[in-house]
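Chain by chain, the residues:
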Amino acid sequence: MSFKNQTAFLVAASLHTTQLTLCRDCGTAVGRKVQNRTLLGGWWGMLSFFRNLSYVASNAGELRRLRSMEEPTKFVSLSTPLATPMSTGRSVFARSGLWLTVGAVAATAAAVVMASPSDTAAHGGGSTDTELEWRIGNCVAWDADTIFPVRCDDGAMGVIAARAPSEPQCPANSESYVQETGFVWCIDEDR
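Residues numbered from 1 in each chain as written. Predicted model: local features only at pLDDT ≥ 70, side-chain atom pairs only at ≥ 80, totals over all residues. Heavy atoms only, no water.

(A) Examining the pairing of strand β4 (residues 147-150) more closely. In this sheet, β4 lies alongside strand β3 (residues 139-142) in antiparallel orientation, the contact comprising four bridges. Bridging from a neighbouring strand, C139 pairs with V150 of β4. Between β3 and β4, which pair antiparallel and follow one another directly, the connecting turn spans four residues. (Pairing = 2+ DSSP bridges. Helix = DSSP H or I, 4+ residues; strand = E, 2+ residues; numbered from the N terminus.)

(B) Main features of the pairing of β3. Here two bridges tie β3 to strand β5 (residues 158-164), and the two strands are oriented antiparallel to one another. What sits directly across from V140, in β5, is G158.

(C) Up close: a nonpolar patch on the surface. Together, L10, V11, M46 and L47 make up an exposed nonpolar region whose accessible area comes to about 500 Å². The residue L47 is located in the loop between α1 (24-41) and α2 (48-67) in this model. (Patch = residues over 30% accessible without salt bridge, like charges linked within 9 Å, V, L, I, M, F, W, Y side chains within 5 Å. Areas by Shrake-Rupley, 256 points an atom, 1.4 Å probe, with all protein chains shown as cover. Salt bridge = Lys/Arg side-chain N within 4 Å of Asp/Glu carboxyl O.)

(D) Geometry of the sheet that holds β4. Ordered in space as β4-β3-β5-β7-β6, the five strands form an open sheet in which the pairing is antiparallel. Two strands bound the open sheet, and with one partner strand each, they are β4 and β6 (176-180). Adjacent strand axes in the sheet meet at a mean angle of 45° when their direction is disregarded. (Axes fitted to C-alpha atoms, helices over the stretch in contact; angles between N-to-C directions.)

(E) Highlighting the packing of aromatic side chains. In the structure shown here, the tally under the stated rule is four aromatic pairs. Look at W43 and F49: their rings are 5.2 Å apart centre to centre, the planes differ by 50°, and that puts the pair in the tilted class. Exposure remark for W43: the relative accessible area of 11% places this residue in the buried category. What makes F49 partly exposed here is its relative accessible area of 31%. Taking the centre distance of 6.0 Å and the plane angle of 75° together, the rings of F183 and W185 count as edge-to-face. Residue F183 is classed as partly exposed on the basis of its relative accessible area of 25%. (Phe/Tyr/Trp six-rings, centres within 6.5 Å; stacked < 30°, edge-to-face > 60°. Buried < 20%, exposed > 50% of the residue type's maximum accessible area, 1.4 Å probe, protein only.)

(F) Region of the structure containing the state of the cysteines. One pass over the full model with this rule turns up two disulfides. Across the disulfide from C139 sits C152; the S-S distance is 2.0 Å. With the S-S dihedral at roughly 95°, the linkage between C139 and C152 falls on the right-handed side. On the criterion of sequence distance, the pair formed by C139 in strand β3 and C152 in the loop between β4 and β5 is long-range, its members being 13 residues apart. The disulfide partner of C170 is C186, and the S-S distance across this bridge is 2.0 Å. An S-S torsion of about -80° defines the bridge between C170 and C186 as left-handed. Of this pair, C170 sits in the loop between β5 and β6 while C186 sits in strand β7 (residues 183-188), and the two are 16 residues apart along the sequence. Accessibility classification places C170 together with C186 in one group, the buried group. Here the disulfide map of the chain reads 1-2, 3-4, the bonded cysteines being numbered as they appear in the sequence. (Disulfide = S-S within 2.5 Å.)

Following this line, the structure appears as structure tokens:
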């Protein structure tokens, strides 16, 4: 069996390879322990994240290969360091490494979603007045060249009824639309 354990730091990482000839149960015990360490400490570098994906997959393959082996048996003529096979221990799914990884991925995804532009991006940039943002339910007005969000009491000519990926996907009650902040905003002029 060959299991890889990476410990990563911001710009550096160390890799430890464990190569042993083991029975199914001993190999499973060692493999689960190494996989847990890899899941705990292998992600925390800039390039290490991607290398760690391959190490986790490699370790999972080795653990899968162990499952296909026969149950260990004791040969009287064979001398082994242990009288009985090691306990396989808890599954990788029942260890902290997997759940820390899932939590870190979820937190990173949430941070990316929160930091990405959304339908609350203000027209013309910089305004934090929520009534002047491209948001469903806010009012709009227009002149000869531009349509823009306005306060609903400032001469509004319509309301933002929906946000759609393209103009044909606007609701039937939308009389017009505008492309702004990376989206198509469907406008209901009969507010």
